[in-house]
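Chain by chain, the residues:
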Amino acid sequence: MTPAASQAIGAELAFTPELSDEERRLRAWVQSICRRLIGPQLTSWERTGRVDAAGVRALAESGLFSLLRRLPDGACQGWAALALALDEVARESASVAWLVLAQNLLRAFLPTELCDGVETGAVVVTLADHEDQSVGPPVGAGLGARVTAGERGMRLTGTKRNVLFASIATHLVVTAGSEAPGGGRFLVRAGERGCLVSPIVPGGLRSAGFGDVALSSAPAIPVCPWTATSAAFSSVWRALGTLIEIANGLAAVAFMVQDARRKRSFGKPLLKWQAIQFKLTDGYLKLSMVRMMAHYFAWVLDQRLHVTGSGLDVDCYAALLRTMYCKLGQEVQEYCVELGSGRAYRVGHPAWRRYMDFVTLLLLAGGDDPDRELLSRTLLRPASTASV
Amino acid sequence: MNFAAERLYDDQALAEWRDRCRGFVEHEILPFIPQWEREPRLAWECYRKLAAFGYLRLSYPRRLGGLELSGIWEEVAMEELARAGKGPRAYLVRIARNYGHLLDDGRPEHQRILEDVLSGRHMLAFAETEAAGGSDAANIRTTAVAEGGGYRLTGTKAYISLVPGADLLIVTALTDPGAGGKRGMSLFLVPVDTPGVTIVPVDTPDLKAWHTLGTVVLRDVWAPPTALLGEAHRGFYHIKARVWSRRGLDHRLTPGEALAYYFREPRDAAGRKTVGGRPLLDVPRYQSMLIDNFGFAELYRLASLRVLAGTAPAGTAASASASASAMQFFTKVLERQMMMAKLEIEGGDAVARDTRVLQDMVFHAGARAAGGGVDIHFIIVGQELYGREWACHRD
């Protein structure tokens, strides 16, 4: 979908909460970046499997990687702006949206001089969480990757799988266990001795530069212990990642609406058939509602509220968002590829690309089982009666 | 994004307003519900009490005798009234709240009647639907033939809410049949006791006193020129401008009620009940159902904030009708899922104790029948999304 089409449909979203003038300007700015810097390069990036260095530099210099502002007390502000940007960029490319999310969020773990590098594109940082034996959000104690402290500083050993942007990252934020209780996150310089990246070609997110990372006594700097802060980071990462999935779904619906106008069946355009109209509207409404939850989540972060209007804390709200997306949003994307039928089956067809992005995002994020577990503990235990 | 409406709930004056509403409902409504529900006819006494408190004119502008409260104040008032079940809120209050706006056409005589409606001296019914047209407002056959400076109305209106019971009808009729429903329809205010008007009640015992239904037969009914509401032939647009954006709110729950009713109550029930020797609350299937209900209630709450913003007094934003329709979709699609989960969890308890769940299930079915299902709302939302090529009666 072109940014112009995105804008046209975006302007009509029945459930879009009203944007302020500043937010409208922000959205127009992001759309212009999509139009100038992302759209024209997308085919090339997907062919090579990564956003090239010039592309990263251009995106960094545009300001997309520094939407979050760090406050003196360490908290961040600008979540609503980041959510808005992710929403727009993901309609153009889910891969690039993940790049934007990673650079904005992971800067928090970098020393100041590296942060400056993110703003120019000289530093690309990514998160290395997944391992063969772990599913869903990482927990320190259960990880295979281990850190040991010795005379030459901390060393990290283990294997991380399906790391986004591994092939273009200059720095990795790696989750690992340690002798100390809990473990944490550690910064590792990519290309350093002991850090080997093996690119992989996934079915979707084709410009995300996926790779497996093998670490063998790689020098590591501790950046964040397993604390509430670290858990909150995981929640934000997961929630905004879900927003990217939602935006990808809305882009798929928007594309299929255009496609159904062109495609004919039984003598008239597909979109004239009520069976098609209703199903698309149903999917659109459900995705839009979950999307609003994601933007509300960002608003809550900006307001620095500890508890949402529904009585949940931020971690639980992120889990609820994921749960609702899995419940209501996923079937829509299945339908979009079904509606595209034979033509959508071709690699490169927008419906197929969206679908493969959807599947890959789902594989990366996993289902909603961990989220339901968290919500069960919070919402359903007797002691919670008073709070919710 | 502007979610600041949520902050309005923290307002001290709003809390005092909630207390006032709660006191009124607890003392003036709740004790009398069993008595009113035993009556076969509409609960006029309840209607008058609600009107006297101000429930019918919460969001009306002051120039029309209203209280001109913003959407969130109305929401709080409705949330408190919901403690009395769906009946009073969904069926009595909505009539004046929504259809009274049709009387706002700038003419002093109609404004006086509206003031009487809002103060509970009259009750309105909107004789709109016909058997062949259903939810399609433009698809009517009732005619109004110009005669001697007035009109002669002939036709049959089906499934009209609050008939019998109401004493005033707003009737849609074709004044220019050749132009069709959209460009040839006019609205008329017709007292029920006008010669030629016959009301045939439809038997709805399960809806108790709250939602009477009836057929309105019009045979050569004389309507003077002053009965015409708005401009001649522009009735469809009059309805569209004044009613449609509010219609999605007719039957819906308030967010607080949705959370209490579909999450807290079944959760507490699941804590009490056991299956295979362990509490339902420990069974993953029931846990998932409860979490889904909580999530739906949250989606509903956020959507309400959006709709509240769009339907503040005199709010006629272009997308308001689509928002209201989307809300209707939620009421009818998600609420049904929540209801099923609640029924399944509360199970035998609900039947044995004759809790509100069974009664509300019936009201829910009644609302679906009265509102015409979700198809029309899909069309309204779809047209906003996808443009004019959707098959739809809107311009």
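A quick note: this is a predicted structure, and the numbers were derived from the prediction, not measured. (Residues numbered from 1 in each chain as written. Chains lettered and ligands numbered in written order. Predicted model: local features only at pLDDT ≥ 70, side-chain atom pairs only at ≥ 80, totals over all residues. Heavy atoms only, no water.)

Topic: the overall build of chain A
Per the secondary structure count, chain A includes 12 helices and 11 strands. Looking at the 388 residues of chain A, the share that counts as buried comes to 60%. Counting only contacts in chain A whose residues sit at least 6 apart along the sequence, the fraction spanning at least 24 positions is 72%. When the accessible surface of chain A is summed, it comes to about 15,100 Å², and 55% of that surface belongs to carbon and sulfur atoms. (Helix = DSSP H or I, 4+ residues; strand = E, 2+ residues; numbered from the N terminus. Buried < 20%, exposed > 50% of the residue type's maximum accessible area, 1.4 Å probe, protein only. Contact = heavy atoms within 4.5 Å. Areas by Shrake-Rupley, 256 points an atom, 1.4 Å probe, with all protein chains shown as cover.)

Focus on the overall build of chain B
Each helix and strand counted, chain B has 14 helices and 10 strands in total. Taking all 395 residues of chain B together, the buried fraction comes to 59%. Roughly 14,600 Å² of accessible area belongs to chain B as shown, and the carbon and sulfur atoms make up 53% of that amount.

Some remarks on the side chain of Asp357 of chain A
All names here are of chain A. Among the secondary structure elements, Asp357 is positioned in helix α11 (residues 350–365). Within the buried set, Asp357 has no salt-bridge partner at all; the shortest N-O distance to an opposite charge, 4.3 Å, is to Arg353. Once residues within four sequence positions are removed from consideration, Asp357 is found in contact with Ala94, Gly204, Leu205, Arg206 and Asn248. (Lys, Arg positive; Asp, Glu negative; His and termini not counted. Salt bridge = Lys/Arg side-chain N within 4 Å of Asp/Glu carboxyl O.)

Overview of the confidence of the model for chain B
Residues and elements named next belong to chain B. Put simply, chain B has an average pLDDT of 78, and 70% of its residues get 70 or more. Scored below 50 in pLDDT, residues 310–319 shows 15 contacts in the model against residues more than four places distant or in partner chains. Residue range residues 388–395 is modelled with pLDDT below 50. Its contacts to residues more than four positions away, or to other chains, number 35 contacts. This complex was scored by the predictor with a pTM of 0.78 and an ipTM of 0.83. (pLDDT = per-residue confidence, 0-100.)

Topic: the packing of aromatic side chains
All names here are of chain B. Counted under the stated rule, the structure contains 21 aromatic pairs over all chains. Relative to Phe294, the ring of Phe263 has its centre 5.0 Å away and its plane inclined at 70°; by these criteria the two rings are edge-to-face. With Phe263 in helix α10 (residues 255–272) and Phe294 in helix α11 (residues 284–310), this residue pair connects regions lying 31 residues apart in the sequence. Each member of the pair, Phe263 together with Phe294, is buried. Here the aromatic residues Trp17, Phe24, Phe53, Tyr55 and Trp73 are joined through ring pairs into a cluster of three or more. The cationic tip of Arg285 hangs over the ring face of Tyr286; the distance from NZ or CZ to the ring centre is 5.8 Å. Above the ring of Tyr261, the side-chain terminus of Lys342 is found at 4.0 Å from the ring centroid. (Phe/Tyr/Trp six-rings, centres within 6.5 Å; stacked < 30°, edge-to-face > 60°. Lys NZ or Arg CZ within 6 Å of the ring centre and 35° of its normal.)

Side note on unusual backbone geometry
Phi is mostly negative for residues that are not glycine, and the peptide bonds are mostly trans. Here Leu205 of chain A, not a glycine, exhibits a phi torsion of approximately 45°, which is positive. Summarising the element assignment, Leu205 of chain A is placed in the loop between β8 (195–199) and β9 (211–225). Assessed through its relative accessible area of 0%, Leu205 of chain A is described here as buried. With a phi close to 50°, Asp220 of chain B is a non-glycine residue in the positive phi region.

Looking at the pattern of salt bridges
A side chain with one charge can pair with a side chain of the opposite charge if their charged atoms come near. All names here are of chain A. In the structure shown here, the tally under the stated rule is 30 salt bridges over all chains. Ionic pairing is found between Asp371 and Arg238, a salt bridge with its closest N-O pair at 2.7 Å. One end of the pair, Asp371, is in helix α12 (residues 369–379); the other, Arg238, is in helix α8 (residues 228–262), and 133 residues separate them in sequence. For Asp371, a relative accessible area of 5% translates into the label buried. The exposure class assigned to Arg238 is buried, which follows from its relative accessible area of 13%.

A few points about the pairing of strand β7 (residues 184–189) of chain A
Every other side chain in a regular strand lies on the same face of the sheet, so the side chains alternate between the two faces. Residues and elements named next belong to chain A. The element β7 is largely enclosed, with a buried count of five among its six residues. Here strand β6 (residues 171–178) pairs with β7 via six bridges, running antiparallel. Among the inter-strand pairings, His171 is bridged to a residue of β7, identified as Arg189. (Pairing = 2+ DSSP bridges.)

Describing helix α7 (residues 112–120) of chain A
All names here are of chain A. Along α7, the positions that sit buried rather than exposed are Leu114, Cys115, Gly117 and Val118. Projected onto a plane normal to the axis of α7, the buried residues spread over an arc of 155° and lie on a single side. Exposed side chains of α7 directed beyond 90 degrees from the buried face belong to Thr112 and Glu113. Taken together, the buried residues of α7 touch α4 (53–62), α6 (94–106), β6 and β7. (Arc of directions from axis to C-beta.)

Overview of the environment of Glu28 of chain B
Residues and elements named next belong to chain B. Examined against the element boundaries, Glu28 turns out to sit in helix α2 (residues 12–29). Glu28 gets classed as partly exposed once you look at its relative accessible area, which sits at 34%. It is 7.5 Å that separates the C-alpha atoms of Glu28 and Lys49, two residues lying 21 residues apart in sequence. Leaving out residues up to four positions away in the same chain, Glu28 has contacts with Gly23, Trp36 and Lys49.

What about the packing of helix α5 (residues 79–92) of chain A against α6 of chain A?
The packing of two helices is summarised by the inter-axis angle and the distance between the axes. All names here are of chain A. With their axes 7 Å apart at the nearest point, α5 and α6 run at an angle of 155° to one another. One way to sum up the angle between α5 and α6 is to call them roughly antiparallel. As for how α5 packs across α6, the hand of that crossing is right-handed. Mapping the contact onto sequence places Trp79, Leu82, Leu86, Val89, Ala90 and Glu92 in α5 and Ala94, Val96, Ala97, Val100, Leu101, Asn104 and Leu105 in α6. For the contact of α5 with α6, a count of residues per class yields 11 nonpolar, one polar and one charged. (Axes fitted to C-alpha atoms, helices over the stretch in contact; angles between N-to-C directions. Parallel < 35°, antiparallel > 145°, perpendicular 65-115°, else oblique. Left-handed = near helix turned anticlockwise from the far one by under 90°. Nonpolar A, V, L, I, M, F, W, Y, C, P; charged D, E, K, R; others polar.)

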